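For reference, the chains in residue letters:
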Amino acid sequence: MPGQRTPLYDAHKALGARMIDFGGWDMPVSYPAGTIKEHKAVRESAGLFDVSHMGEAWLRGPRATEAVQLLTTNDVGGAAAGKAVYTLLCRPDGGIVDDCIFYKRSATEYFVILNASNTAKDLAWMREQIGAMVDIEDASADTALIAVQGPRAVALVDNLAGGRGDLSQMGSFTFADTTIAGVACMAARTGYTGEDGFELACANDDAPRLWSAILEAGAPSGVLACGLGARDSLRLEARLPLYGNDLDDTTSPLEAGLGWAVKLEKGDFLGRDVLVRQKADGLRRTLVGFRIDERAIARHGYHVVDRSRPEGEQVIGTVTSGGPGISVPGSIGLAYVPPTAATPGATLTIDCRGKDVAATVVKGKFYARNKH
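Here is a short report on the structure shown in this document.

What counts as what
- What you see as residue numbers is a count from 1 along each chain, following the sequence as written.
- With pLDDT at 70 or above as the cut-off, local features in this predicted model cover only qualifying residues; side-chain atom pairs require 80 or more to be listed or tallied, and sums for whole chains, interfaces and linings still use all residues.
- Think of the side-chain values as coming from all heavy atoms in the structure, minus any hydrogens and water.
- The distinction between a cavity and a pocket rests on a 1 Å grid over the protein atoms alone: a 1.4 Å probe fits inside a cavity but cannot get out, while a pocket stays open yet meets protein on both sides within 12 Å along at least five of seven lines, and a residue with an atom within 4 Å of a point counts as lining.
- Grid points are joined across faces, edges and corners, and a volume is the space filled by probe spheres set on the points.
- In this description a helix means any DSSP run of H or I spanning at least four residues, a strand means any run of E spanning at least two, and both kinds are numbered starting from the N terminus.
- Ten residue types, Ala, Val, Leu, Ile, Met, Phe, Trp, Tyr, Cys and Pro, are classed as nonpolar, four, Asp, Glu, Lys and Arg, as charged, and the remainder, Gly among them, as polar.
- Residue ranges labeled as domains rest on an automatic or database domain assignment.
- In this analysis, rings of Phe, Tyr and Trp, with Trp reduced to its six-membered ring, are considered paired at centre separations within 6.5 Å, and the interplanar angle assigns stacked below 30 degrees, edge-to-face beyond 60, and tilted for intermediate values.
- With a 1.4 Å probe rolled over the protein chains alone, any residue whose accessible area is under 20% of its type maximum counts as buried; one over 50% counts as exposed, and the rest are partly exposed.
- For salt bridges, the criterion is a side-chain nitrogen of Lys or Arg within 4 Å of an Asp or Glu carboxyl oxygen.

1. Observations concerning the layout of surface pockets
Now for step 1: Its boundaries defined by the atoms lining it, the second largest pocket holds a volume of some 180 Å³.
Now for step 2: What lines the second largest pocket is a set of 13 residues, among which Asp232, Ser233, Arg299, Gly323 and Pro324 lie closest to the centre.
Now for step 3: Broken down by element, the lining of the second largest pocket gets its largest block of residues, five residues, from helix α7 (residues 228–237).
Now for step 4: Partitioned by chemical class, the residues of the lining of the second largest pocket number five nonpolar, five polar and three charged.
Now for step 5: Inspection of the lining of the second largest pocket shows a minimum of three residues originating in each of domain 1 (9–53 + 142–237) and domain 2 (284–362).

Shown next as structure tokens:
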């Protein structure tokens, strides 16, 4: 049974993309250049990503800010109009429903982009929790989303918008309505790669024209179309969490190291009471980054072990993401471990398919771009 297709499906096929099923969508995992070259293009020039499988919704009404504040952990309602805010949606028990970005257009209107695999779940959750307070419109079927990421991304997009500098002067996590290559877009200075750039939301019918214009304009400077493989390796190097791997209904924002996106002082929100208790009592586990220097890769689901413990009690944690470093040495990953094992520089032991492999706990991002 064929999966859902984005409006750029034909463009991917024309470029020779290798397509896979991704949460019910036919998506490009890589193009003929391959994941490593696509990854490096984003780090050195720019890459173009189709993320139209993501969900989008509008929240509107006189009580929109009140509703959004109740729903989110971050102070979304307190942001200025024109700001994009990363936040978590939590259950009353503190578990994460999703991580997403809200775009505040005004006190009575918000736009939100949701993870593709969670769109139906998120919309049902929103309607259950705040449906009586605000009008919720699912715009997913009508909205395409294209990400342009890398050191040359901003200039590339700005030139296609007329070269006036309006977009290049935008701050990080801001957004504006604009026209790019003749296509009406909402341009947000956001991304999921660790690089600068934009995420561009437009009408489905306009997406192929926008995609082609960006790719054509960027080709002379090495801009490549990039698939899900590069998207995952880039986000992991930047230590950006992936829902379903590093975050889920059983993890809390504090355990995931996302306390900076939790504003306990803003007032009541779903999950707040549990997070207040967690902060006071201390965490039982925390998400850490690790690096492996020998020839081994720790994948999702591998166990972190302590061989000094009795048989049957040696598993102390779980790898949630892992892969080879491309812009950084060794292989890298994320794992939930007890706080006592989370000290930067500490050694973890990971059971990689029956072989014990040493890993070093790394503080912060594996890769941080040069902002100069």
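2. Let's talk about the packing of aromatic side chains
Now for step 1: Under the definition given, this model contains four aromatic pairs.
Now for step 2: Centroid distance Trp58 to Phe111: 4.8 Å. Interplanar angle 55°. Geometry classified as tilted. Here Trp58 is found in strand β5 (residues 55–60), whereas its partner Phe111 is found in strand β8 (residues 109–114), with 53 residues between them in sequence.
Now for step 3: Of the residues examined, Trp58 reaches a relative accessible area of 16% and is grouped as buried.
Now for step 4: Looking at Phe111, the relative accessible area reads 3%, which means it is buried.
Now for step 5: On the numbers, 5.5 Å between centres and 85° between planes, the contact of Tyr103 with Phe175 is edge-to-face. Of this pair, Tyr103 sits in strand β7 (residues 96–106) while Phe175 is found in strand β11 (residues 175–180), placing the two residues 72 residues apart along the sequence.
Now for step 6: Pairwise contacts between aromatic rings join Trp58, Tyr103, Phe111 and Phe175 into one cluster.

3. Some details on the pattern of salt bridges
Now for step 1: Taken as a whole and judged by the stated rule, the model has 20 salt bridges.
Now for step 2: Its salt-bridge partner being Glu195, residue Arg43 comes within 3.1 Å of it at the nearest N-O pair. Placement of the pair is Arg43 in helix α2 (residues 35–44) and Glu195 in the loop between β12 (183–188) and β13 (197–203), with a sequence separation of 152 residues.
Now for step 3: Given the relative accessible area of 10%, Arg43 is considered buried.
Now for step 4: Look at Glu195 and you get buried, because its relative accessible area is 9%.
Now for step 5: Note that Arg91 and Asp249 form a salt bridge whose closest N and O atoms lie 3.3 Å from each other. Taken as a pair, Arg91 in the loop between β6 (84–90) and β7 and Asp249 in the loop between α7 and α8 (272–281) lie far apart in primary sequence, 158 residues in all.

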